[in-house]
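Below, each chain spelled out in residue letters.
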Amino acid sequence: MAKEDDEQTRLHQCVRKYKVMVKQFDELVEMMNTRTKLPKRRKSPAVPPASAIQPESNEALVQTITRFLHELNPNPNPNPNPTHPNCSTD
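Bear in mind that the values here come from a model prediction, so they are computed numbers and not experimental data. (Residues numbered from 1 in each chain as written. Predicted model: local features only at pLDDT ≥ 70, side-chain atom pairs only at ≥ 80, totals over all residues. Heavy atoms only, no water.)

(A) View of helix H1 (residues 2-36). Over its 35 residues, H1 runs 51 Å from end to end, which matches the ideal 51 Å to within 8%, given 1.5 Å per residue. Listed as buried for H1 are Arg10, Gln13, Cys14, Lys17, Gln24 and Met31. (Helix = DSSP H or I, 4+ residues; strand = E, 2+ residues; numbered from the N terminus. Expected span 1.5 Å × (residues − 1). Buried < 20%, exposed > 50% of the residue type's maximum accessible area, 1.4 Å probe, protein only.)

This is how it looks when you write it as structure tokens:
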């Protein structure tokens, strides 16, 4: 009975992490779509070239991905389940 309870707990944790990853993936797709949209053409040259904007966008993307990884695994020393290496038992 305890083994079944452990399995149910593990499955629940995997589903929770899966839902977090889906939410994060949607957010990343939205970020990438925003980054790749072409700016509307304007007559004034006041808009900086895309190459000037890119480093800031890259840094935002790195920060977002880092935050996502920390959300998925808040414990720096996870104790993975040896039978299911993709899901931890924390």
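(B) Fine view of the confidence of the model for the protein chain. The pLDDT averaged across the protein chain works out to 74; a share of 60% of its residues lies at or above 70. The least confident element of the protein chain is strand E1 (residues 80-81), whose mean pLDDT is 51; the most confident is H1, at 88. (pLDDT = per-residue confidence, 0-100.)

(C) Local environment of a nonpolar patch on the surface. On the surface, a cluster of nonpolar side chains totalling about 290 Å² of accessible area is made up of Tyr18, Met21 and Val22. As for its position among the elements, Met21 is in helix H1. (Patch = residues over 30% accessible without salt bridge, like charges linked within 9 Å, V, L, I, M, F, W, Y side chains within 5 Å. Areas by Shrake-Rupley, 256 points an atom, 1.4 Å probe, with all protein chains shown as cover. Salt bridge = Lys/Arg side-chain N within 4 Å of Asp/Glu carboxyl O.)

(D) Just the pattern of salt bridges, in detail. Evaluation of the coordinates by the stated rule reveals 3 salt bridges. Arg10 is the salt-bridge partner of Glu7, the closest N and O atoms lying 2.8 Å from each other. Here Glu7 and its partner Arg10 are both found in helix H1, 3 residues apart, which amounts to about one turn of the helix. When its relative accessible area of 7% is taken as the criterion, Arg10 is described as buried. Between Glu27 and Arg67 there is a salt bridge, and its shortest N-O distance comes to 3.0 Å. Taken together, the residues span a long stretch of sequence, with Glu27 in helix H1 and Arg67 in helix H2 (residues 50-72) at a distance of 40 residues. Through salt bridges with shared partners, a single network forms among Glu27, Arg67 and Glu71.

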